[in-house]
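Summary of structural features
Listed below are the residues making up each chain.
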Amino acid sequence: MNALVKHGIPALPPFTAPGPACMFLPMQNSDSSNKSGLVALCVIFFCSGFPALIYQLVWQRSLFAIYGINVESVTVVVSAFMLGLGLGSLAGGALSRIRRLPLLPAFGVIELAIGVFGYFSLDLFHAVGEATLGAGLVATGLLTFALVLLPTVLMGATLPILVTHLVASTRNVGRSVGLLYFVNTLGSAAACFAVALVLMRALGMRGAVQFACLLNVCVAASAFLVAPRKRAKAEAPVAAASLNAPTSPQRRARFWLAAVLVGVTGYISLSYEILWFRVHSLATGGHAMAFASLLGAFLLGIALGSLFARRFCDTEPTDRHLRALVLFVLAANLAGFLVAPVSGWLLTVLPYPFLLPVVAVAAGLLGATFPLICHFGVTPDERAGSGLSYLYLSNIIGSGAGSLLTGFVLMQHLGTGQITLLLALLGTATAALLAVAARQPGRLPTKALALAGGAAVLVLALYGPLFSRLYENLLLPHRQGTAQDRDPRSEFASVVESRSGVINVTQDGVVYGGGMYDGVFSVDLVDDRNMIARPFSVSAFHPRPARVLMIGLASGSWAQVMAYHPHLEHMTVVEISPGYLELIRQHEEVAGLLDNPKVEIVIDDGRRWLNRNPDERFDAIVMNTTWHWRAHITNLLSVEFLQLMRKHLKPGGVALYNTTDSPEVQRTACTVFPHVVRVINSVVVSDSPLLPDRARWEQVLLDYRIEAHPVLDPSQPRHAEKLAKLLGMIDSLADANPPWWGMETRSSILARTEGMGIVTDDNMGTEWRINWPKK
């Protein structure tokens, strides 16, 4: 499953969004009211979104490489980010009450501090990770929290500080926040697309972090330059607000209602974002750029929505303002309900980028709610930043609940459509309760309640028709197999959804994991539908693979082949998604694997398992690695991983893994290992010479029995022909231009891939190349 990063602003995505430092920066103050000063501040606040977003993208990836990308690690990392932001908001609220504190210079100091931490962050994460590789889940959570505590607290502190600075000049929370939300979120959206299209591919992780540090310095310097000499004093709230002073019961009631609202909207927004990311990941086959592009569209929608909401923020909250808030909550949830099915339908007729405007529209409606809630609940005086810090903390709590409840619990037991329905109903209920709570005494908001009830009935009626073919539509660009399987009218035979991801199986037994082809339920070497010849080839290079490690289970076909190797004594299989076990049990070709006494199956991240078991050694390590451009696959293809893997090979041990025809992946293998042979689209690597033994391989193939059935029977012509074809692959090692279905030497691979790059943890290989699926 692709890893996700979280953000804690209401209506902002739960994962990998710019930190609070980029969300609510002041647009003007008493000393910079002229047009040029306003433009300068807008530029500062537009740019401030870049570094926070880059840090979150890179830091989460660095932490996932250390602690794994299974759902437990993802939840821990995301929750640590959220908790740090929440604590930072409280700290910022306390600082904003210090009357002599110059707020813009304080913001500049915070930006510098974040930049300094960012500069050393990757080295720090790596050092701590190396020292704590064996930590359990609780220890991992504490360590992750400690690593990201300082920068996330600093990011969280900026929100209340800068809102206090802004309200001192404008005396209107809603309109000010709406304008700031627009300018800075627009910068964050631009940063998302810059990261997806340029920064990660051109600079790698370390270069991207250094670029973020430079931006921190520039933003801080600009803040110092435009800062007023003295802190502006907040003017008294307008006369009409006197009845709503912070000490009045009415104002307190509004504030607590606003706190509940931002908590609920934070939960709904983050939960929707989790689901939308799953939809976009499936639509792109798990492309690394899917999340960044989704996030960019999401933030762009929020920016425009917050700007639009300003027109409803009158001097004081009125019936018009409250009606607008109820309508926006209803509309946002209806739009959120429609995102997944509409995206699936669009993908059947248009390429993936056309899905992004759908997200932007729904996000725009979500984004409009935050300025409206702030205007409703926060008094525009010197304590505005302090009050807003509590609203922000409430949102953090709600967003954290979205990560834990939706991402960790609900997605384990319910499908994407079912959770979407629950969120839509929760949103309509929230709108109804808001209308009742904010009503005038003695008046029942019948129209609002009727709208909420109608919306609930509508989503219940549309749920079945809209979500019945969601996955068939989303995976249509990636479908392989027979003509029947590629027919858009063909339904999947099996669908397994869990918090680890989505696995689909066609009527013809083709498996799709996370939206991409992931094998076939077949161990038939004669009618080879899935190039099953590759795991059979291990015997050509190793005389007796008694102890085997397999990273990745998928359909179980490769594991079934290795489990019945004549010389196997024990095989450890490490699989990150437990959903495959359920499917394997349903297919007789591989079902026996689960009860094989020689096989031990471990649910874990493969790289993390190797790190946590440094003393384990194997005769052979086998990986049917997924496509080289998918998100986080670098963790199993990079120089660093291959160096880790070689430590787990016994003397003379070999490793066989799928390169999915990537010349960069093949060249990386030749860079790390002195002995490499390409076998079809996979490579066999070793520190010992690789001399395929024809006679030994032939004998092993003839001895092979899978559940008592011989793999090859040379008395049958087709079987004899297949045996000759397999053994003939060895002859292609001498060819000047080896065929694809054959073997190729290391020197030939190096010559063919001359001038191409290699895969490292830092450059992330080919993950960030544009490779959108076509309709």
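Quick note: structure is the one above.
All figures in this text were calculated on a predicted structure; none of them were measured in a lab.

1. With respect to the overall build of the chain
Across its full length, the chain holds 25 helices and 14 strands. Out of the 775 residues belonging to the chain, those deemed buried represent 61%. Sequence-distant contacts in the chain: of pairs separated by 6 or more residues, those separated by 24 or more amount to 79%. Working note: accessible area of the chain is about 27800 Å², and carbon and sulfur atoms make up 62% of it.

2. Considerations on the pairing of strand E11 (residues 682-686)
Within E11, 5 of the 5 residues are buried, which leaves it mostly tucked inside the rest of the structure. Residues Ser682, Val684 and Ser686 point to one face of E11 and Val683 and Val685 to the other, with burial holding for every one of them. Pairing of strand E9 (residues 649-658) with E11, which is carried by 5 bridges, proceeds in the antiparallel orientation. Residue pairing in the sheet places alanine 655 in a bridge with valine 685 of E11. One ladder, built from 5 bridges, connects strand E10 (residues 675-679) with E11; its direction is antiparallel. Pairing of valine 676 across the sheet is with valine 685, part of E11. Between E10 and E11, which follow one another and run antiparallel, lie 2 residues, and isoleucine 680 among them has a positive phi close to 55°.

3. Focus on the packing of aromatic side chains
Summed over all chains, the structure comprises 17 aromatic pairs. Look at phenylalanine 46 and phenylalanine 50: their rings are 6.5 Å apart centre to centre, the planes differ by 50°, and that puts the pair in the tilted class. A residue is classified by how much of its surface remains accessible, and phenylalanine 50, at 14% relative accessible area, is buried. Grouped by ring-pair contacts, the aromatic residues Tyr55, Trp59, Phe117 and Phe125 constitute a single cluster. Cation over ring: arginine 646 sits above phenylalanine 673, and NZ or CZ is 4.9 Å from the ring centre. Here the guanidinium or amino end of lysine 725 rests over the ring plane of tryptophan 741, the centre of that ring lying 4.8 Å away.

4. Notes on the nonpolar core
Within the largest apolar cluster, 104 residues are counted, with the highest numbers of intra-cluster contacts made by Trp276 and Leu474. Top element by residues in this core is helix H6 (residues 173-226). It accounts for 13 residues. Sequence-distant contacts of leucine 474, that is, excluding residues within four places in its chain, are made with Val279, Leu282, Ala283, Ser343, Gly344 and Leu347. Leu568, Val573, Ile584 and Ala620 belong to the second largest nonpolar core, which has 54 residues in total.

About the cut-offs
Residues numbered from 1 in each chain as written. Predicted model: local features only at pLDDT ≥ 70, side-chain atom pairs only at ≥ 80, totals over all residues. Heavy atoms only, no water. Helix = DSSP H or I, 4+ residues; strand = E, 2+ residues; numbered from the N terminus. Buried < 20%, exposed > 50% of the residue type's maximum accessible area, 1.4 Å probe, protein only. Contact = heavy atoms within 4.5 Å. Areas by Shrake-Rupley, 256 points an atom, 1.4 Å probe, with all protein chains shown as cover. Pairing = 2+ DSSP bridges. Phe/Tyr/Trp six-rings, centres within 6.5 Å; stacked < 30°, edge-to-face > 60°. Lys NZ or Arg CZ within 6 Å of the ring centre and 35° of its normal. Core = buried A, V, L, I, M, F, W, Y, C linked by side-chain atoms within 4.5 Å.

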